[in-house]
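Examining the three-dimensional arrangement
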Amino acid sequence: FISKFSSDLTTLSASTFIGTSGTEEVRALVLDSSNALYVGIYQSSGSGLETTASVLQTASGAGYIAKLSSNLQTLNIGTYFGGTGTGTEILRLVLDSSNIVYVAGIAGSVFTTTSGAYDTSFNGGTYDGFVSKITANLQTLSESTYIGGSADDFVHALGLSADQDNVYIGGYTEDSTTDYPTTVGAYDTTHNGGEDGFITILGAIAGGGGQDGGGGAPVPEFSTFMYIATLLWCGYFMFKKFNSQTV
């Protein structure tokens with residue numbers, strides 16, 4: 001479901017279901033510059049949600065993105081996302097100033113990446129993290145990459161730098177083999193055991209202006225482990241402690 005309240009939370013302005021007879025979970029949402037709503041959905045059955053004309057993917061899968069009118073009355077755009085596998089889970093959506101859509105979450109071995117991306121191959125375990133960039137009309141996958149090591153990796157946080165040239169992700173890894181990618185000089189390049197948090201900055205994402213997307217593939221500029229015993233995130237101030245290091 002999706003619900004819209006007044007700013008003082010006293011009035012339910014609009015509220016709608018979105019789904020099928022199976023299981024759907026709204027995992028992420030963000031408003032664009034005209035107050036239309038982009039919604040990221042996980043669907044366990046991987047089928048039956050409405051798709052619209054000329055979108056990125058009409059074939060069923062576990063990931064789904066919808067664009068709804070601000071009054072929640074109209075599905076403007078609906079597309080499946082990430083390929084036809086059942087392991088794709090959208091956990092975060094962010095828009096840039098041109099309403100280009102950035103998506104992050106977790107994916108299994110069947111997931112759509114783009115040529116020249118940082119990591120086009122599944123690394124192992126059940127899940128890798130992923131970061132993708134889609135045009136505002138949800139028709140074109142501009143860039144898409146896995147990120148992770150040989151065990152399970154989860155991306156739970158996503159943000160853009162002020163100049164929109166870098167993508168920040170945060171999450172945690174169960175990767176006891178310690179091969180989640182880190183960069184030289186980062187705060188903590190050693191896996192500390194158990195489930196470690198991580199912060200990674202992907203740079204060199206270009207072409208954010210037009211509907212046709214394009215531009216270079218994401219390249220990790222910074223990446224560090226952070227040992228967080230309770231899996232709570234430390235906060236944004238840690239980003240400012242890195243020295244500039246490029247892989």
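In what follows, the structure referred to is the one given above.
Note that residues are indexed from 1 along each chain, following the sequence as it is written. Only residues with pLDDT of 70 or above have their local features reported here, since the model is predicted, and side-chain atom pairs are shown and tallied only from 80 upward, although totals for entire chains, interfaces and linings are computed over all residues. In computing side-chain properties, one takes all heavy atoms of the structure into account and sets aside hydrogens as well as water.

**Section: the packing of aromatic side chains**
This is how the line gets drawn: Centre distance within 6.5 Å is the pairing criterion for rings of Phe, Tyr and Trp, where only the six-membered ring of Trp is used; planes under 30 degrees apart are then read as stacked, over 60 as edge-to-face, and the remainder as tilted. Only DSSP runs of H or I with at least four residues qualify as helices, and only runs of E with at least two residues qualify as strands; both kinds are numbered from the N terminus onward. Note on exposure labels: buried denotes an accessible area under 20% of the residue type's maximum, exposed denotes more than 50%, and partly exposed covers the range between, all computed with a 1.4 Å probe on protein chains only.
Evaluated as defined, the whole model comprises 9 aromatic pairs. With a centroid separation of 4.8 Å and 15 degrees between ring planes, the pair formed by phenylalanine 154 and tyrosine 172 is classed as stacked. On the criterion of sequence distance, the pair formed by phenylalanine 154 in strand β11 (residues 153–160) and tyrosine 172 in strand β12 (residues 167–173) is long-range, its members being 18 residues apart. For the pair phenylalanine 154 and tyrosine 172, one class covers both residues: buried. Ring pairs connect the aromatic residues Phe81, Phe111, Phe122, Phe130 and Tyr146, which therefore count as one cluster.

**Some words on the pairing of strand β9 (residues 128–134)**
Residues in a regular strand project their side chains so that they alternate between the two faces of the sheet. Which entries qualify depends on this criterion: Here, strands pair whenever DSSP counts at least two bridges between them.
Of all the 7 residues making up β9, 7 are buried; the element is thus mostly covered by neighbouring parts of the structure. Burial along β9 is two-sided: Asp128, Phe130, Ser132 and Ile134 facing one way and Gly129, Val131 and Lys133 facing the other are all buried. Of the strand pairs in this sheet, β9 and strand β10 (residues 141–147) are connected by 6 bridges, and their pairing is antiparallel. Each bridged residue has a counterpart across the sheet, and for isoleucine 134 the counterpart in β10 is leucine 141. Where β9 folds back onto β10 in an antiparallel hairpin, the turn is made up of 6 residues, including leucine 138, whose phi is positive at roughly 60 degrees.

**Points about unusual backbone geometry**
Unusually for a residue other than glycine, leucine 9 sits at a positive phi of about 65 degrees. Its location among the elements puts leucine 9 in the loop between β1 (2–5) and β2 (12–16).

**Overview of the sheet that holds strand β3 (residues 24–31)**
So the rule is basically this: All axes here are fitted lines through C-alpha atoms, helices being fitted over the stretch that makes contact, and every angle between N-to-C directions spans 0 to 180 degrees.
Across the sheet, which stays open at both edges, the 4 strands sit in the order β3-β4-β5-β6 with antiparallel pairing between neighbours. Edge strands, defined here as strands with exactly one partner in the open sheet, are β3 and β6 (75–81). Adjacent strand axes in the sheet meet at a mean angle of 20 degrees when their direction is disregarded. Two elements, β3 and strand β4 (residues 37–43), share 7 bridges in a ladder whose sense is antiparallel. Pairing of glutamate 24 across the sheet is with glutamine 43, part of β4.

**A short note on the nonpolar core**
Which entries qualify depends on this criterion: In these notes, a set of buried Ala, Val, Leu, Ile, Met, Phe, Trp, Tyr and Cys residues joined through side-chain atoms within 4.5 Å is what counts as a nonpolar core. Residue contacts are counted whenever heavy atoms from the two residues lie within 4.5 Å of one another.
Formed by 20 residues in total, the largest nonpolar core has its most connected members in Tyr38, Phe81, Leu93, Val101, Val103 and Ile134. Contributions of two or more residues to this core are made by β3, β6, β7 (89–95), β8 (101–107), β9 and β10. Excluding anything up to four places from it in sequence, valine 103 contacts Ile65, Phe81, Ile90, Arg92, Leu93, Phe130, Val131, Ser132, Ile134 and Leu158.

**Topic: the side chain of lysine 67**
As for its placement among the helices and strands, lysine 67 is situated in strand β5 (residues 63–68). With residues near it in sequence (within four places) discarded, lysine 67 still touches Asp32, Ala36, Leu37, Tyr38, Thr74, Leu75, Asn76 and Ile77.

**Quick notes on the sheet that holds β7**
Ordered in space as β7-β8-β9-β10, the 4 strands form an open sheet in which the pairing is antiparallel. Bordering the open sheet on either side are β7 and β10, each of which pairs with just one other strand. Between one strand axis and the next, the sheet turns by 15 degrees as a mean value, whatever way the strands run. Judged from the 7 bridges that link them, β8 and β9 form a sheet pairing that is antiparallel. The partner of valine 103 across the bridge, within β9, is serine 132.

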